[in-house]
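Results of the structural survey
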Amino acid sequence: TNHTTTHHIEPIERMAAMYESSPLLNACEDQDDPDLDVEQAQQLAEATVIRNDAGQFYELNTAIDKIKLGVGVGLYFFFVRYMAWVLALQGLFSLPALISNAQGKAVFSDDQDISFPRNLLAALSLGNHAAGEPVTMHGIMDFVSSIAFVAFVCFFRREQNRKKELIQLSFRTAADYSIQVSGLPPDVLETEVRNYFFRSRSEASGEVSREVHAVILSIDHSELLDLQAEMDRTKGERDHWSVAQNRRNPTKECRKKLVECEHTIIALEKKMEEAQDKPELCTGHAFVTFLHETDAKDCVAEFAQFYKFFGLLPRPLPAPRRFRGVYNISVRRAPQPSDIIWAHLKYGPWSRAWRQLLTTVFSFILVLFATALIAAVNGKHLLFPISHIEVFEAVGLNIVTVLVILISNIFLFVAIPKLASFEKYHYHSNVEVFVMLRLFFFQVLNTVIASLIMWDASTSKTGHTNWLHWYADGGYLVFNVMVGDCLLMNAIEYFRPFDVMYNRRWAAKKAVTQKELNECWAPPEYSLGMRYQFVLKAVFLALFFGSGMPFAYFLAGLLLVLTYWIDKYNVLRVYTRPLNYDDSVATVAAAFVLPMAAVFHLCVGLYFYTVVVECPDSLECTPSSKLSLTYCLLLANLAATLGLWYPLLIRTPVVEAADAWTREKLTPYNTVMGIAQYNQPIPELRQGNYEESGGQGVTHTEPGYFISSEVYDSFDT
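Residues numbered from 1 in each chain as written. Predicted model: local features only at pLDDT ≥ 70, side-chain atom pairs only at ≥ 80, totals over all residues. Heavy atoms only, no water.

Whenever strands of a sheet pair, they do so through backbone hydrogen bonds, lying parallel or antiparallel. Across the sheet, 4 strands lie side by side as S2-S3-S1-S6; this open sheet has antiparallel pairing. A strand with exactly one partner marks an edge of an open sheet, and here the two such strands are strand S2 (212-219) and strand S6 (330-333). Here the strands of the sheet are splayed against their neighbours by 25° on average, with no regard to which way each runs. Set on the sheet, helix H8 (residues 190-198) makes contact with strand S1 (178-182), S2, strand S3 (282-290) and S6; between it and S2 the angle comes to about 135°. Contacting S1, S3 and S6, helix H11 (residues 293-304) crosses the sheet at an angle of about 135° to S6. (Pairing = 2+ DSSP bridges. Helix = DSSP H or I, 4+ residues; strand = E, 2+ residues; numbered from the N terminus. Axes fitted to C-alpha atoms, helices over the stretch in contact; angles between N-to-C directions. Contact = heavy atoms within 4.5 Å.)

Right, dumping it as structure tokens:
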């Protein structure tokens, strides 16, 4: 029963009696047991992995610039490689400070009572210096290291945009020729949009200089697509039970499951028929593809003048420019076709705003719970004091703490993508930004709070705690987390025991149908946000604790080197072909997260130097005149970082492309071979209607063109 029509459904018991004597059951019993083709499943899995133009796997030593990964993934590898270099450079600049720390003798004094291996870690930290000992050299080297990082971020931001331009110029897509139009009425027609932009610019010569190649309206097919997905799932379940009863004597359970599936299929078919009769309405978005790329750029520039407040907020269009003279439409560069989540385009900004508010509150509750759990494990007064415990007990406590952090992070890994799906972002790139920021923030917060809670976890023989003991406890925890990420998490990413290994070695043995076997062998999807947050977490922790623990630079650099090669191997051999993400994730990482990490590094560095020199036994301390030079250097660096943040980082630098590339980009859209198009998923029930009408429906995409021999000889495609 649904909200419009009541359908008479036979009771399951009565249908089961009819089904036992039906030809369908007899036909199923007469079938031979199907032989599952593992080789076919392997071939299908390999076919979805990225390949070169010759249809072969890329060599592992192929330069990233030569692999068609798109802008988003290509910039990720560029980011990891350069970050590994800059962390190694910071480690070299901090090497004198590291040697100076190792020459201290505070950690090995008899009254400290710091056990192995924590004493080795504390010996390399800033806390190994005696109280009142000057650390001017540390401040100078920290200043040089910080200047190198800030200079790198500015350089990287410009290089990032240059790489983006080169990738876009090297691999032409439909997004180069297209715009996205928003704010259209629900009953808009394709011809209206085509005519609006075809005549959108006045021609002094009387000739049309902006020719529209195709218009794709976003139609709300969500109900039909959901029903179709449910239908496919039910039919797959029916096939499973049909084969299952053929492999053994038919059981009552098999018959009951088959009847339930047929019952569900009948109900879904009726719902789909009713949904098909509903009118097709536009979600307010359309994708307009021009014949020339310059037309798309000019159109975006033309509408950009109708924005205020740094181009963020639209203002009403003049009456002659409004669509139908009423609607204030907005225009932006179109995303890549594979980056669009068509089912989410129907959700407006207000709907997504309250969803984001709910997920933010829920995420905050999750992180509070995880932090409270970590505090319960680490808190001295909540469990037991660890002032005079043996080495194995100390190591065991650290292992438990790291496991609690890992378990809480794994829980967040599962919950955050679900929350991102609930927020109904329009593009996969925006989803990845959400996943990256939330996971990065929560993991860093968990690790920092867990380390700070261990301030008084252990004491000296006199019963007092100090910063040297904190480096032996809290610093040791940070070290374990970074080593765990470097070795354990990278090993999990390389071997993928929870999806690839489990599905192909164990779950595949339980597959009943060929479809189930193919699904077990299907390669995992590449999540750009997941990989970025992993890298940014290592960079942020290295910078946050780098002033007190310079070895963190080397450890984070090693982690990034391993991550680079493991990710490259997985992208070229394991993952399905990545989506063509835009540069949103890379921009947020480079223009916001990295400068924020630099600011935290300078602020925390000032604090670490102050407490070590003046107040090694306290968390609170007043500034010291002994550190005047260090204060001046680090504060000058902080002012430079904040001053350069907007003009060089947030504002996109302009990069001029070479003339050869520019001439190639003038190639018309209809002369490019194999270019992608904006094809919205159409339910099966509607596909026949579009085919019968000759493709003249509202979601029609004009057929692809082959490139002529003359043009092929003229352009490098």
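Looking now at the pattern of salt bridges. Tallied over the full model, the rule gives 21 salt bridges. Residue Asp53 pairs with Lys68 through a salt bridge whose shortest N-O separation is 2.8 Å. A residue pair is termed long-range when its members are at least 10 positions apart, and Asp53 in the loop between helix H3 (38-47) and helix H4 (70-93) and Lys68 in the loop between H3 and H4 qualify at 15 residues. The exposure class assigned to Asp53 is exposed, which follows from its relative accessible area of 68%. Of the charged contacts, one joins Asp187 and Arg324 as a salt bridge, the two residues approaching to 3.1 Å between their closest N and O atoms. Here Asp187 is found in the loop between S1 and H8, whereas its partner Arg324 is found in the loop between strand S5 (313-314) and S6, with 137 residues between them in sequence. (Salt bridge = Lys/Arg side-chain N within 4 Å of Asp/Glu carboxyl O. Buried < 20%, exposed > 50% of the residue type's maximum accessible area, 1.4 Å probe, protein only.)

Mapped onto the fold, Ala372 is located in helix H12 (residues 349-378). Taking C-alpha positions, Ala372 is 9.5 Å from Asn446, a pair spaced 74 residues apart along the chain.

Turning next to the state of the cysteines. Scanning all chains against the criterion turns up 1 disulfide. A sulfur-sulfur distance of 2.1 Å marks the disulfide that ties Cys615 to Cys621. What sets the handedness of the Cys615 and Cys621 disulfide is the S-S torsion sign, and at about 65° it is right-handed. Take Cys615: its relative accessible area is 18%, and that puts it in the buried class. We classify Cys621 as partly exposed; its relative accessible area is 25%. (Disulfide = S-S within 2.5 Å.)

Summarising the element assignment, Glu423 is placed in the loop between helix H13 (391-422) and helix H14 (428-453). Glu423 sits in the buried class, given a relative accessible area of 0%. Reaching out from Glu423, the side chain makes a polar contact with the side chain of Tyr425 at a distance of 2.5 Å. Apart from the residues within four sequence positions on either side, Glu423 is in contact with Arg352, Arg355, Gln356, Thr359, Phe434 and Arg438. (Polar contact = N/O pair within 3.5 Å; in protein donor to acceptor, adjacent residues only side chain to side chain.)

This part takes up a nonpolar patch on the surface. A grouping of Leu89, Leu92, Leu95, Ile99 and Phe554 is seen on the molecular surface, where their side chains present a nonpolar patch of about 420 Å² in accessible area. If you list the elements that add at least two residues to the nonpolar patch, you get H4 and helix H5 (95-102). With respect to the helices and strands, the residue Ile99 is situated in helix H5. Residue Ile99 is classed as partly exposed on the basis of its relative accessible area of 46%. (Patch = residues over 30% accessible without salt bridge, like charges linked within 9 Å, V, L, I, M, F, W, Y side chains within 5 Å. Areas by Shrake-Rupley, 256 points an atom, 1.4 Å probe, with all protein chains shown as cover.)

Turning next to the packing of H14 against helix H18 (residues 528-544). For any two helices packed against each other, the geometry comes down to the angle between their axes and how far apart the axes lie. In contact at an axis separation of 8 Å, H14 and H18 are set at 35° when each is read in the N-to-C sense. The handedness of the crossing between H14 and H18 is right-handed. The segment H14 lies against H18, with Glu432, Val435, Met436, Leu439, Phe440, Gln443, Val444, Thr447 and Val448 engaging Leu528, Gly529, Met530, Tyr532, Gln533, Leu536, Lys537, Phe540, Leu541 and Phe544. Classifying every residue of the contact of H14 with H18 by side-chain character gives 13 nonpolar, 4 polar and 2 charged. (Left-handed = near helix turned anticlockwise from the far one by under 90°. Nonpolar A, V, L, I, M, F, W, Y, C, P; charged D, E, K, R; others polar.)

On any regular strand, side chains alternate: one points to one face of the sheet, the next to the other face. Of all 9 residues making up S3, 9 are buried, and the element is well covered by its neighbours. Sheet analysis places S1 next to S3, joined by 5 bridges and oriented antiparallel. Bridging from a neighbouring strand, Ser178 pairs with Thr289 of S3.

Let us now look at helix H21 (residues 628-650). Over its 23 residues, H21 runs 32 Å from end to end, which matches the ideal 33 Å to within 8%, given 1.5 Å per residue. At Leu644, H21 shows its largest kink, close to 50°, and the proline Pro647 lies no more than four residues downstream. Burial in H21 covers these residues: Thr630, Tyr631, Leu633, Leu634, Asn637, Leu638, Thr641 and Leu649. Looking at the packing, one finds that the buried side of H21 touches helix H7 (136-170) and helix H20 (584-613). (Expected span 1.5 Å × (residues − 1). Bend = angle between axes of the 7 residues up to and from the residue.)

Here the focus is unusual backbone geometry. Phi is positive for Arg324, close to 60°, though the residue is something other than glycine. You can call Arg324 partly exposed: its relative accessible area is 37%. Positive phi outside glycine occurs at Lys424, with the angle close to 60°. Within the secondary structure layout, Lys424 lies in the loop between H13 and H14.

Counting 99 residues, the largest nonpolar core has Phe79, Met83, Tyr532, Phe545 and Leu560 as the members making the most contacts within it. At 19 residues, H20 tops the list of elements feeding residues into this core. Once you skip the residues sitting within four places of it in the chain, Leu560 turns out to touch Val80, Met83, Ala84, Leu87, Val535, Ala538 and Val539. By size, the runner-up hydrophobic cluster in this structure holds 23 residues, among which are Phe197, Cys282, Ala296 and Ile329. (Core = buried A, V, L, I, M, F, W, Y, C linked by side-chain atoms within 4.5 Å.)

What follows concerns the packing of aromatic side chains. According to the stated counting rule, one finds 41 aromatic pairs in the structure shown. With centroids separated by 6.2 Å and ring planes inclined at 85°, the aromatic side chains of Trp354 and Phe422 adopt a geometry described as edge-to-face. Of the two residues, Trp354 sits in helix H12 while Phe422 sits in helix H13, which places them 68 residues apart along the sequence. Across from the ring centre of Phe422, 4.7 Å away, lies the NZ or CZ of Arg355, which sits over that ring. (Phe/Tyr/Trp six-rings, centres within 6.5 Å; stacked < 30°, edge-to-face > 60°. Lys NZ or Arg CZ within 6 Å of the ring centre and 35° of its normal.)

Glancing now at the confidence of the model for the protein chain. Across the protein chain, pLDDT averages 80, with 79% of residues at or above 70. The low-confidence segment residues 380-388, where pLDDT is below 50, has 18 contacts with residues more than four positions distant or belonging to other chains. (pLDDT = per-residue confidence, 0-100.)

Moving on, we get to the pairing of S2. Counting buried residues in S2 gives 8 out of 8 residues, a clear majority hidden from the surface. Sheet analysis places S2 next to S3, joined by 6 bridges and oriented antiparallel. Across the sheet, residue Val212 finds its bridge partner in S3, namely Phe290.

This part covers the environment of Met454. By the secondary structure assignment, Met454 is in the loop between H14 and helix H15 (467-495). Of the residues examined, Met454 reaches a relative accessible area of 2% and is grouped as buried. Sequence separation of Met454 and Gly475 is 21 residues, and the distance between their C-alpha atoms is 9.1 Å.

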